[in-house]
Amino acid sequence: MSTFELKTHQVGRTYSNPHFFILNKGLNSGKPLTNPCPNCFVVTTSTKEEKNTLFHISMMLQIGGFYAYYLKGSVIPFISIDDCRNTLKNSYISFFYNEIQLQKHINIVSAISKKKAELHNIISKMADLKVSYIQSLFSIMQKEAI
């Protein structure tokens, strides 16, 4: 069973146990992060496997909009530490007894995320290619005009 701990991150603090961060303010509340930011919680675990599992569960909860239900505040929405902890804990418990299914879901989501990153990279390169083509086109037109 999971023995993770979720606390408010203090800027400048370092952690020795396996850990990750969860954004707690804004419309992306619940988004897991590898690097800290001023408005985040820290999740510490005893093993790297448990950290990886909780990271992916948190990512699936955020993408699926399950943290959004608990957002409070009218100007800058935020999620409370108790709501975040309970949502993550309940989701982990529901998956705990079916580790094979959980790993299957994590692998599928990871593969989709990897493919998305690859496609994003291709789109970025296509945009660069478009800019280069247009610049070379106008460069040729300017040379012909002279």
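What this report covers is the structure whose coordinates are included nearby. Small disclaimer: the values here were computed from a predicted structure and weren't measured. (Residues numbered from 1 in each chain as written. Predicted model: local features only at pLDDT ≥ 70, side-chain atom pairs only at ≥ 80, totals over all residues. Heavy atoms only, no water.)

A look at the pairing of strand S4 (residues 40–44)
- Among the five residues that make up S4, five are buried, leaving the element largely enclosed by the rest of the structure.
- As defined by bridge partners, strand S1 (residues 5–8) adjoins S4 across four bridges and the pair is classed as antiparallel. Across the sheet, residue threonine 8 finds its bridge partner in S4, namely phenylalanine 41. (Buried < 20%, exposed > 50% of the residue type's maximum accessible area, 1.4 Å probe, protein only. Helix = DSSP H or I, 4+ residues; strand = E, 2+ residues; numbered from the N terminus. Pairing = 2+ DSSP bridges.)

Let's talk about the layout of surface pockets
- Volume-wise, the largest pocket comes out at about 220 Å³.
- Every residue along the wall of the largest pocket is listed here: Lys31, Pro32, Met59, Gln62, Ile63, Val109, Ile112, Ser113 and Lys116.
- Elements that contribute at least two residues to the lining of the largest pocket include exactly helix H1 (48–63) and helix H3 (99–145).
- Looking at the lining of the largest pocket, the element that brings in the most residues is H3, giving four residues.
- Split into classes, the residues belonging to the lining of the largest pocket amount to five nonpolar, two polar and two charged. (1 Å grid on protein atoms, 1.4 Å probe; cavity = no way out; pocket = protein on both sides within 12 Å on 5 of 7 lines; lining within 4 Å. Points joined across faces, edges and corners; volume = space filled by probe spheres on them. Nonpolar A, V, L, I, M, F, W, Y, C, P; charged D, E, K, R; others polar.)

Regarding the nonpolar core
- In terms of nonpolar packing, the biggest core is built from 17 residues, with Leu6, Ile22, Val43, Leu54, Tyr67, Cys84 and Leu88 touching the most fellow members.
- When residues in this core are grouped by element, the largest group, four residues, is from H1.
- Tyr15, Phe21, Leu23 and Cys40 belong to the second largest nonpolar core, which has six residues in total. (Core = buried A, V, L, I, M, F, W, Y, C linked by side-chain atoms within 4.5 Å.)

Here's the deal with H1
- The terminal C-alpha atoms of H1 lie 22 Å apart, and with 16 residues this matches the ideal 22 Å at 1.5 Å per residue to within 8%.
- What H1 keeps buried is the set Glu50, Thr53, Leu54, Phe55, His56, Ile57, Ser58, Met59, Leu61 and Gln62.
- Elements in contact with the buried residues of H1: strand S2 (19–23), strand S3 (32–33), S4, helix H2 (81–96) and H3.
- One or two steps after H1, the chain reaches glycine 65, where phi turns positive at roughly 80 degrees. (Expected span 1.5 Å × (residues − 1). Contact = heavy atoms within 4.5 Å.)

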